[in-house]
Amino acid sequence: MNRFVRAVLRLFAAPRVNMREDYEKVRRMQRQLAALPVPRYRAGNWQTLPGDGDHQVPVRVFQPKERKRDDLLLFFHGGGWVTGDIESYTPACTTMADLTGCVVVSVDYRLAPEHPFPAGLEDCYRMARLVLEDPQRAGAGETGEVVLIGDSAGANLAAAVSLLLRERGQRGANRQILFYPVTHWDHDPATSPFPSVRHHGEGYRLTNTEVQDYFELYVPDPEQRRDRLVAPLLAEDLSGQPETLVVTAELDLLCDEGEAYGRALQEAGNAVRIHRVEGALHGFIVLPRFSRSLREAYEVINEFLDGGATAGRQEGTA
């Protein structure tokens with residue numbers, strides 16, 4: 001990519017904020033942006049699924065304009081486990097439902113720092129168990145399956161949920177889709193094993209400092225950040241995982257660790273497809289539908305939904 005294109009992309013980078021101090025302001029801004037009266041957005045329907053804990057986890061169920069598949073996409077939003085919610089991700093979930101033709105269920109899990117690890121993971125795990133045990137409860141068709149899907153921190157949660165389901169001997173999803181997942185704990189350019197952390201950790205959509213802030217809020221204990229349920233790439237046993245599609249963004253500091261997780265899943269005997277969207281920034285799932293990056297990703301997702309990890313061209317590396 002030439003210097004001019006890189007300079008233009010940097011203009012679209014998010015303004016730098018001190019996430020540890022300003023996360024509440026970021027949450028309010030995200031909700032305000034999602035609430036703008038843009039014609040292509042359609043209101044979602046609230047529906048609460050009962051859990052087996054001391055509180056209920058809200059979800060929002062999105063019906064596509066045209067139902068093309070019986071599958072149900074159980075979605076965990078991004079935001080560094082600290083920001084993002086059902087409201088701010090309603091536009092992205094509406095797009096997801098329409099471009100896949102699937103029912104999408106978005107989970108409003110608890111956020112840090114008010115609810116640090118493992119609170120949000122426990123909410124996602126509970127909802128996954130409920131929906132997997134009775135997919136028709138949330139709108140899956142008679143022949144449809146539940147597909148776990150998440151972006152960034154949400155993809156991290158999806159991967160961790162799949163690990164938990166297998167470890168506890170419970171029914172897991174047959175497929176999962178991970179958008180630019182967080183899979184490792186170290187994002188310091190001086191010590192990270194991944195070149196993308198050094199090459200793309202400043203000046204683009206997500207920075208090294210922001211990721212470090214998110215981790216400090218989500219997992220205050222530095223040693224606990226190496227837990228497999230926080231950093232799935234460090235899991236000793238990755239066998240028995242769902243067929244997986246990993247979608248990464250070229251100009252994202254998380255690019256290399258996401259692809260490394262895909263390869264680790266492959267080495268453990270799982271079916272995996274890895275697709276890198278060239279020229280894309282972190283967070284492109286929330287872009288408008290005319291975005292090239294978004295449309296390319298959904299072409300790959302639809303191939304995966306139709307045929308699993310072997311659909312289209314099989315990629316061992318991006």
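Please read all numbers here as calculations on a predicted model, not as lab measurements.

Before going further, it helps to examine the nonpolar core. Leu-72, Leu-74, Phe-76, Leu-121 and Val-161 are the most contacted members of the largest nonpolar core, which totals 64 residues. When residues of this core are assigned to their parent elements, the largest contribution, 10 residues, is made by helix H5 (residues 153-167).

This brings us to helix H9 (residues 292-307). An α-helical turn contains 3.6 residues, so any two residues separated by three or four positions project in the same direction. Between the first and last C-alpha of H9 there are 23 Å, a value that for 16 residues agrees with the 22 Å anticipated at 1.5 Å per step. On its buried face, H9 is in contact with strand E3 (72-76), helix H3 (90-100), strand E5 (146-151), strand E6 (175-179), strand E7 (243-249) and strand E8 (272-277). Its side-chain oxygen placed 3.3 Å from the backbone nitrogen of Ser-293, Ser-291 serves as the N-cap of H9. Residue Gly-308 follows H9 closely and has a positive phi angle near 75°.

Tallied over the entire structure, the rule returns 16 salt bridges. Asp-123 is the partner of Arg-110 in a salt bridge, and the nearest nitrogen-oxygen pair spans 2.9 Å. With Arg-110 in the loop between strand E4 (103-107) and helix H4 (119-133) and Asp-123 in helix H4, this residue pair connects regions lying 13 residues apart in the sequence. Judged by relative accessible area, Asp-123 falls into the buried class, the value being 1%. Asp-237 is paired through a salt bridge with Arg-166; the nearest N and O atoms lie 3.8 Å apart. Separated by 71 residues along the polypeptide, Asp-237 in the loop between helix H7 (208-218) and E7 and Arg-166 in helix H5 bring together distant segments of the chain. We classify Asp-237 as partly exposed; its relative accessible area is 38%. Arg-166 gets classed as partly exposed once you look at its relative accessible area, which sits at 24%. Within the structure, one salt-bridge network assembled from shared partners comprises Arg-166, Glu-167, Asp-227, Arg-228 and Asp-237.

Here the amide bond leading from Ala-112 into Pro-113 is cis, since omega sits at 5°, within 30 degrees of zero. Relative to the helices and strands, Pro-113 resides in the loop between E4 and H4. Here the residue pair Phe-117 and Pro-118 is connected by a cis peptide bond, since its omega of 10° sits within 30 degrees of zero. Look at Trp-81: it is not a glycine, yet its phi comes out positive at around 65°. Even without being glycine, Ser-152 reaches a positive phi, approximately 60°. With respect to the helices, strands and loops of the structure, Ser-152 is situated in the loop between E5 and H5.

What counts, and where the lines are drawn
Residues numbered from 1 in each chain as written. Predicted model: local features only at pLDDT ≥ 70, side-chain atom pairs only at ≥ 80, totals over all residues. Heavy atoms only, no water. Core = buried A, V, L, I, M, F, W, Y, C linked by side-chain atoms within 4.5 Å. Buried < 20%, exposed > 50% of the residue type's maximum accessible area, 1.4 Å probe, protein only. Helix = DSSP H or I, 4+ residues; strand = E, 2+ residues; numbered from the N terminus. Expected span 1.5 Å × (residues − 1). Contact = heavy atoms within 4.5 Å. Polar contact = N/O pair within 3.5 Å; in protein donor to acceptor, adjacent residues only side chain to side chain. Salt bridge = Lys/Arg side-chain N within 4 Å of Asp/Glu carboxyl O.

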